[in-house]
Amino acid sequence: MTHPSARADETRKTWKAVLETYHEDRSTPVTPEYWSEKDTWSRDRIEAVQNEKIAAVAPFLYENSAFYRRRFDKLGVAPTDLKDGDSLIANWPIVTKQEMMEDATEHPPYGTYTTCSDEDWADRGWMLFSSSGSTGVPRVFRYTHFDRQYWEQANARALYSGGLRQGDSAIPMVGFGPHVFAWGVQYTLAKMGLPVVPGGGVDGHARASFIDRFKPTVLVCTPSYALYLGRVMQDMGMDPAATSIKWMVTGGEPFSGVSGTLERLQDLWAAKAVEFYGCTEASPHCGGYSCPEYQEGDEPFIHFMEDIQLWETVDADTLSPVAEGERGLTVCTNLNSESSAQLRFLVGDYTRLSREPCACGRNHVRGLGCMTGRSDDLINLRGIKFFPVQIEEAVRAVPGTGDEFQIRLTTQDDGLDVMRVLVEHESDVADRVAKEIRSRCEIRCAVEVVTPNTLPKSEMKAKRVFDERNK
């Protein structure tokens, strides 16, 4: 009888061999238009590779992750039952953040949902990351240098598709904490041979001076921070639109799918903002990204790299798959990692999928309308449900409002839950903002107008919802 450790080693070796079959160690693009030839694979080729990877990753997860082994056994599903995309969806219920949080609580500090053991970490560990989601216990993930190589190539495909080329230089404006977005971009810029102006550890005034002095062409930051920095520059007598910046690589928050925010960003900087979408749990490198055509139609969209991940959308209530073109929550099966391969993880952002070919030449599935809010962020106020992005759209609809806003939820003495929205403006526009909110959310709320530039800004995800209601 084969020893469990031998089976774990054997399935790991098999899984890594499959990954290596499709790995490209590139530092330059394969053509002037595409970083990788995989970008233009046919639908049949994409699905064949997905199926090959699913068949190899299921036994690997069973033998190397106690979380997955328990789940397989509880469901009565054998790893060999998962042979392709269809059998995966039919036999494997969605994995939620709640399951991972419970596992992390019971098995601190790393949980058992990853396949990077203490021995793997000591042997070839690269970096530790933590989820930055808005709810629950943080999920911690350790990644190896094997993973890093695959991150670099996935991210290079995304950044090259977004427009970055030899001759560009970037200024990442983040604190480089345990969050995946900026670190992944940083290592990929090195792989692509693009120079970096370090922008961490200093304030907005210093970063504005760096841009003015060193002339980088790419901002790397959250959308809210790009807005903030642009206002800082204006206060310093600089015009962001007249700077060297041509591209904004933005992650961490929805923006392209939020009416008014994309336009505000691009008008402020006279630069093109591109998406860099993913999550720590199942899409640690870039999963969704922009192509040259992403703003050319009636609504913006992003591509998903389907040769390395399988993406679905499901109903928010039933978690059942929705038809192509219908609005649903994103689900990711990560088929590109030694340390964090995941099967049907509920990322939880709303979008609509389309497999129609794109004018850019990519056949990989698109998310129409980009991302329009994460299900975790849903607000339920007196039975009326809405998302913070709907409030953002209402604020953006009133000319002259500041870039930041706050949603404050409290309970009155009589037990009634109420909402107050704080906006920045030089004039009293409370009635106009309240009207816009009513038209989008069908709810009445108080609006407080505060002096411009008084609401706090953040390098990472902006905190805009403060729920202080009695539970």
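Preceding this section is the structure that the text describes.
The residue numbers shown here count from 1 along each chain, following its written sequence. In keeping with the model being predicted, local features are shown solely for residues with a pLDDT of at least 70 and side-chain atom pairs are shown and tallied solely at 80 or more, while totals for entire chains, interfaces and linings include all residues. Just so you know, side-chain values use all the structure's heavy atoms and leave hydrogens and water out.

Caption draft 1: Fine view of the packing of aromatic side chains. Any Phe, Tyr or Trp ring, taking Trp's six-membered ring, that has another such ring centre within 6.5 Å forms a pair; planes under 30 degrees apart are called stacked, those over 60 apart edge-to-face, and the others tilted. Applying the stated criterion to the full structure yields 23 aromatic pairs. Ring geometry for Trp15 and Phe60: centres 6.2 Å apart, planes at 25°, overall stacked. Within this pair, whereas Trp15 is found in helix α1 (residues 4–21), its partner Phe60 is found in helix α2 (residues 43–64), the two being separated by 45 residues in sequence. Phe60 shares its class with Trp15; the two are buried. Grouping aromatic residues by their ring pairs yields a cluster made of Tyr62, Phe67, Tyr68, Phe72, Trp92, Tyr113, Trp126, Phe129, Phe141, Tyr143, Trp151 and Tyr187. Segments assigned H or I by DSSP are reported as helices when at least four residues long, segments assigned E as strands when at least two residues long, and all are numbered from the N terminus. Only protein chains enter the calculation, and the probe is 1.4 Å; a residue is then buried if its accessible area is under 20% of its type maximum, exposed if over 50%, and partly exposed in between.

Caption draft 2: Structural detail: the packing of α1 against α2. A fitted line through C-alpha atoms represents every axis, and for helices the fit uses only the stretch in contact; the resulting angles, taken between N-to-C directions, go from 0 to 180 degrees. The geometry of α1 relative to α2 is characterised by a closest axis approach of 8 Å and an angle of 150° between their N-to-C directions. Here α2 runs roughly antiparallel to α1, going by the angle between their axes. Considering only the axes of α1 and α2, their crossing is left-handed. Contacts from Pro4, Arg7, Ala8, Thr11, Arg12, Trp15, Val18 and Leu19 of α1 reach α2 at Glu52, Lys53, Ala56, Val57, Pro59, Phe60, Glu63 and Asn64. Among the residues forming the contact of α1 with α2, the class breakdown is nine nonpolar, two polar and five charged. Angle categories: roughly parallel below 35 degrees, roughly antiparallel above 145, roughly perpendicular from 65 to 115, and oblique for all the rest. In this scheme, a crossing is called left-handed if the near helix is turned counterclockwise away from the far one by less than a right angle; it is called right-handed if the turn is clockwise. In this description, contact between two residues means that some pair of their heavy atoms is separated by no more than 4.5 Å. In this classification, the charged set is Asp, Glu, Lys and Arg, the nonpolar set is Ala, Val, Leu, Ile, Met, Phe, Trp, Tyr, Cys and Pro, and all remaining amino acids, among them Gly, are polar.

Caption draft 3: Structural view of unusual backbone geometry. Between Pro108 and Pro109 the backbone carries a cis peptide bond, its omega angle lying at -5°. Position of Pro109 among the secondary structure elements: in the loop between α5 (97–106) and α6 (118–124). Although it is not a glycine, Leu319 sits at a positive phi angle of roughly 60°. Phi is positive for Cys370, close to 55°, though the residue is something other than glycine. With respect to the helices, strands and loops of the structure, Cys370 is situated in the loop between β12 (366–368) and β13 (379–381). Cys370 gets classed as buried once you look at its relative accessible area, which sits at 1%.

Caption draft 4: Quick look at the sheet that holds strand β15 (residues 405–411). One bridge is not enough; two strands pair if DSSP finds at least two bridges between them. Spatially, the four strands line up as an open sheet ordered β17-β16-β15-β18, and their pairing is mixed. Either end of the sheet is taken by a strand with one partner, and the two such strands are β17 (446–450) and β18 (465–467). Between one strand and the next, the sheet's axes are offset by a mean angle of 20°, whatever the strand orientation. Relative to β17, strand β16 (residues 417–424) runs parallel, the two sharing five bridges. Bridge assignment links Val423 to a residue of β17, and that residue is Val449. The strands that helix α12 (residues 388–396) touches are β15, β16 and β18; relative to β15, the one it contacts most, it runs at about 125°. Against the sheet, helix α13 (residues 430–441) contacts β16 and β17, and its axis sits at roughly 135° relative to β17.

Caption draft 5: Structural detail: the sheet that holds strand β5 (residues 247–250). Within the open sheet, the ten strands sit side by side as β3-β4-β5-β6-β7-β8-β12-β11-β10-β9. Their pairing is mixed. Each having just a single partner strand, β3 (170–172) and β9 (309–314) make up the two edges of the open sheet. Geometrically, the sheet is characterised by an average inter-axis angle of 30° between neighbouring strands, direction not taken into account. When β3 meets strand β4 (residues 218–221), the two strands line up parallel, connected through three bridges. Following the sheet pairing, Pro172 is matched in β4 by Val220.

Caption draft 6: Up close: the side chain of Thr114. Considering the arrangement of structural elements, one finds Thr114 in the loop between α5 and α6. Look past the residues within four positions of Thr114 in its chain and what remains in contact with it is Asn64, Ser65, Val140, Phe141 and Ser339.

Caption draft 7: Local environment of the environment of Glu468. Counting through the fold element by element, Glu468 comes out in the segment after β18. Separated by 51 residues in sequence, Glu468 and Asp417 have C-alpha atoms that sit 9.6 Å apart. Residues in contact with Glu468, not counting those within four places in the same chain, are Arg408, Leu409, Thr410 and Thr411. Among the polar contacts listed, one links the side chain of Glu468 to the side chain of Arg408, at a separation of 3.4 Å. For this analysis, a polar contact is any N or O atom pair within 3.5 Å, provided that within protein one partner can donate a hydrogen and the other can accept it, and provided that sequence-adjacent residues contribute only side-chain to side-chain pairs.

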